[in-house]
Amino acid sequence: MPHIPKKLIDEMIEHAIDDLPNEACGQVNGKNGRPLTVNRVKNSAASPFRYSMDPLAMLKLEQAREETGEYLFAIYHSHVASEAYPSQTDIRQAFFPPGELDRQPMFPDCYYILVSLAHDPPEVRAFRIRQGGLVEEELIKSED
Amino acid sequence: MDSKLSKDWFSMATIYIPTFFRQITEGNEYISVEGSNVLESLEFLSYLYPEIHGLIFDSNKQILRHVNVYINNQEIHELEGLGTFVSSEDQIAIIPALAGGSMTLLEKNNGNQSALKPEEVMRYSRHIIMPQVGPQGQRKLRDAKVLVVGAGGLGGPVALYLALAGVGTIGITEFDVVDLSNLQRQILHQTADIDKPKLKSAKETLGLYNPHVEVIEHPMPLTSDNAMEIIPNYDIVVNGADNFATRYLVNDACYLTGKTLVDGAILLFDGQLTVYKPGYCCYRCLYPDPPPPGMVPSCAEAGVLGAITGIIGSMQATEVFKQILDIGEPMVNRLLLVDALTMQFREMKLRRDPSCPLCGDNPTVTELIDYDAFCGSPPIEVSIPN
């Protein structure tokens, strides 16, 4: 069960709203099992229906994490008009090469956080994507 | 050869290995490689770690679509691609794509699990027997809704092969009547159909081929006034339009409604094929401005080989099929150029243009515009059949 400060959840929602009508995406860095920062990443697909994280921004984030000893706690993105649940596309893309569901997912220990703006107030849910393409929801424990 | 000499001959660039690949590189983050350009450097890496090769290269030795390669913070396609020179100062980074998207209409359609009837199983058996299709795929085809713009040269073979494959709902926009000069290429219409509305003739022909298919008639040209009402009812749009105004209109309307557009074009002995998907290269990225009126002749003015409509139209139907079943490599970000005279097929790589007025980072086209004015073309004449 991921413990995520309310402040960070609000930051992800704010990002999703800021980037309307397109999907927003980003990465949550963590250390010692705790999420620390929400990092917006440019959606280079600039689309209401898909996201593609800007590769250079990802590279910088990954290299910065290596400097500070942090790790990728969660990958988040918004669905502007559908449920806060990983789509088939999201599941396929969690593997490398995409759709190779029989392999280990690219980030087995990382949460996939979905922000849905289809609801008011927006809904935020967390998932793990497992080998075989299985989706397990993990209830977020939100703390102030 | 001592190592100093080899260093003078070959540059040693450094490759940054992303976390996910480090299970292959024994945990190494940075690997020094020999090679004068990116291709040689990456090949050297795959020589050291053979498992990496299939993760970054396709069978044509091109970088896979879902892999990005950067040199010193610049994407290699902005430089000289795989041929970009590298020196010992350079850092190459491999970055697997992180992407996703919301649920599409097609995914929602998967909910309909009603079984295929024995007649359908027999009819579609040559498709169902293929592992890429199967009964599940055949149900996806049955549940799919495809809009075909125009029932002429391209729209004919597209609609025909989709109907034969059992695509459950085929919408057609068409306002013209069958003319004797259409019959050299437009396979949905026959000699007895002359002067009949093309839509009526198309529906009759498709119904004879496959009575399971529902053909929805849109007896009107697609315009800025009706496109946003018609297109959202469909999963995929196929373009068989014969004029630039409609091409820009269909492109914009598909992007704005989040639909995939399977595009084709023909003239003389030439044909083109591509697929526009929101988030990837669109028609406006490729052609920001229409050609001056009259510069590109129409098929009526310049002529067109009948069989090329069959080649391109069949390919468009194939791309729709792949989209519905989510199989293969779609013609997204790719433009196929067909020259029937030499029978050469050439492929160009396309990219989304960040400065595109429609799908770029700062779009200026946010709703449909007056496309006849934009293209400087006279409005489409609607001939009303008697």
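Since the structure is predicted, the reported quantities are computational estimates derived from the model, not experimental observations. (Residues numbered from 1 in each chain as written. Chains lettered and ligands numbered in written order. Predicted model: local features only at pLDDT ≥ 70, side-chain atom pairs only at ≥ 80, totals over all residues.)

Student: Looking at this model, I keep getting lost on the overall build of chain B. Mind explaining?
Tutor: For chain B, the helix and strand inventory stands at 15 helices and 14 strands. Per-residue burial for chain B yields a buried fraction of 42% across its 386 residues. (Helix = DSSP H or I, 4+ residues; strand = E, 2+ residues; numbered from the N terminus. Buried ≥ 20, exposed ≤ 12 C-beta atoms within 10 Å, placed from the backbone.)

Student: How should I be thinking about the nonpolar core in this particular structure?
Tutor: Generally speaking, soluble globular proteins have nonpolar side chains that are buried together. Residues and elements named next belong to chain B. Formed by 133 residues in total, the largest nonpolar core has its most connected members in Val146, Ala159, Leu162 and Ile170. Broken down by element, this core gets its largest block of residues, nine residues, from helix α11 (residues 244-257). Two domains share this core, each providing at least three of its residues, namely domain 1 (11-96) and domain 2 (144-375). Ignoring anything within four residues of it in the chain, the contact list for alanine 159 reads Val148, Ala151, Ile170, Ile172, Leu188, Ala202 and Leu206. (Core = buried A, V, L, I, M, F, W, Y, C linked by C-beta atoms within 7 Å. Domains from an automatic or database assignment. Contact = placed C-beta atoms within 7 Å.)

Student: Hey, could you run me through the packing of helix α8 (residues 155-165) of chain B against helix α14 (residues 306-325) of chain B in this one?
Tutor: For any two helices packed against each other, the geometry comes down to the angle between their axes and how far apart the axes lie. All names here are of chain B. Direction vectors running N to C along α8 and α14 enclose 45°, while the axes themselves pass 7 Å from each other. Our classification of the angle between α8 and α14 gives oblique. The two elements α8 and α14 cross, and the hand of that crossing is right-handed. Contacts between α8 and α14 involve Gly156, Pro157, Val158, Tyr161, Leu162 and Ala165 from the former and Thr309, Gly310, Gly313, Ser314, Gln316, Ala317, Val320 and Phe321 from the latter. (Axes fitted to C-alpha atoms, helices over the stretch in contact; angles between N-to-C directions. Parallel < 35°, antiparallel > 145°, perpendicular 65-115°, else oblique. Left-handed = near helix turned anticlockwise from the far one by under 90°.)

Student: Is there a simple way to think about the sheet that holds strand β6 (residues 111-116) of chain A in this case?
Tutor: Note on sheets: strands pair through backbone hydrogen bonds, and any given pair is parallel or antiparallel. Residue and element names in this part refer to chain A. Taking strand neighbours across the sheet as the criterion, the six strands line up as β3-β2-β5-β6-β7-β8 in an open arrangement whose pairing is mixed. Bordering the open sheet on either side are β3 (34-41) and β8 (134-138), each of which pairs with just one other strand. When the angles between neighbouring strand axes are averaged without regard to direction, this sheet yields 30°. Here strand β2 (residues 25-31) pairs with β3 via seven bridges, running antiparallel. Following the sheet pairing, asparagine 29 is matched in β3 by threonine 37. Lying over the sheet, helix α1 (residues 6-18) contacts β2, β3, β5 (71-79), β6 and β7 (123-130), oriented at roughly 10° with respect to β3. Of the strands in this sheet, β2, β3 and β5 are in contact with helix α2 (residues 55-68), which crosses β3 at around 155°. (Pairing = 2+ DSSP bridges.)

Student: Explanation requested: the sheet that holds strand β1 (residues 12-16) of chain B in the structure shown.
Tutor: Residues and elements named next belong to chain B. Spatial ordering of the open sheet is given by β2-β1-β5-β3-β4, a layout of five strands whose pairing is mixed. In this open sheet, the two strands that pair with only one neighbour each are β2 (30-34) and β4 (74-75). Of the pairings in the sheet, the one linking strand β3 (residues 67-71) to β4 comprises two bridges and is antiparallel in character. Directly across from tyrosine 70, in β4, lies its bridge partner glutamate 75. Sitting on the sheet, helix α2 (residues 38-48) touches β1, β2, β3 and β5 (91-96), and the angle it makes with β2 is about 115°.

Student: Even after reading the chapter, I still don't get the environment of B:Val178, so can you show me in this structure?
Tutor: Residues and elements named next belong to chain B. Relative to the elements of secondary structure, valine 178 occurs in the loop between β8 (169-173) and α9 (198-209). A C-alpha to C-alpha distance of 5.3 Å links valine 178 and lysine 198, two positions 20 residues apart in sequence. Residue contacts for valine 178: discarding those within four places in its chain leaves His189, Asp193, Ile194, Asp195, Lys196, Lys198 and Ser201.

Student: What's the story with α1(A) in this structure? I'm lost.
Tutor: Since the α-helix advances by 3.6 residues per turn, residues separated by three or four positions end up pointing in the same direction. All names here are of chain A. The first and last C-alpha atoms of α1 sit 18 Å apart over 13 residues, in line with the 18 Å expected at 1.5 Å per residue. Considered for burial, the residues of α1 that qualify are Leu8, Ile9, Met12, His15 and Ala16. An end-on view of α1 places all buried positions within 120° of arc, on one side of the element. In α1, the exposed positions that point more than 90 degrees away from the buried face belong to Lys6, Lys7 and Asp18. (Expected span 1.5 Å × (residues − 1). Arc of directions from axis to C-beta.)

Student: Just to check I follow, could you spell out the interface of chain A and chain B for this structure?
Tutor: By convention, interface size is frequently given as the accessible area that disappears when the constituent parts associate. Facing the 30 residues of chain A at the interface are 25 residues of chain B. When residues of the side of chain A that touches chain B are traced back to their parent elements, those giving at least two are β4 (50-52), α2, β5 and α3 (88-93) of chain A. For the side of chain A that touches chain B, the element with the most residues is α2(A), which contributes five residues. For the side of chain A that touches chain B, the residue count by class is 17 nonpolar, nine polar and four charged. Strand direction decides the pairing type here: β4(A) and strand β6 (residues 99-101) of chain B, joined by three bridges, are antiparallel. Following the sheet pairing, A:Arg50 is matched in β6(B) by B:Gly101. (Nonpolar A, V, L, I, M, F, W, Y, C, P; charged D, E, K, R; others polar.)

Student: Got a minute to help me understand helix α7 (residues 134-143) of chain B in this structure?
Tutor: Along α7(B), seven of the ten residues are buried, which leaves the element largely enclosed by surrounding structure. For α7(B), the full list of buried residues reads B:Gly137, B:Gln138, B:Arg139, B:Lys140, B:Leu141, B:Arg142 and B:Asp143.

Student: What exactly am I supposed to notice about the pairing of β2(B) here?
Tutor: Regular strands show a simple pattern: their side chains alternate between the two faces of the sheet. All names here are of chain B. By the alternation rule, side chains of β2 split into Ile31 and Val33, which are all buried, and Tyr30, Ser32 and Glu34, of which none is buried. Of the strand pairs in this sheet, β1 and β2 are connected by five bridges, and their pairing is antiparallel. By the bridge assignment, isoleucine 15 is partnered in β2 with isoleucine 31.

Student: In this structure, what is going on with the confidence of the model for chain B? I would like to understand it.
Tutor: Close reading of the predicted structure is inappropriate where its pLDDT is low. Residues and elements named next belong to chain B. Of the residues in chain B, 92% reach a pLDDT of 70 or more, and the chain-wide mean stands at 88. Element-level pLDDT for chain B is lowest in helix α1 (residues 3-9), with a mean of 44, against a maximum mean of 98 in α8. A low-confidence stretch, residues 1-8 (pLDDT under 50), is modelled with two contacts involving residues beyond four sequence positions or located in other chains. Below pLDDT 50 for its whole length, residues 105-112 participates in 13 contacts with residues either more than four positions away or in separate chains. Complex prediction metrics read pTM 0.61 and ipTM 0.85. (pLDDT = per-residue confidence, 0-100.)

Student: Can you walk me through the environment of B:Phe175 in this structure?
Tutor: Here B:Phe175 shows up in the loop between β8 and α9. Sequence separation of B:Phe175 and B:Leu222 is 47 residues, and the distance between their C-alpha atoms is 9.3 Å.

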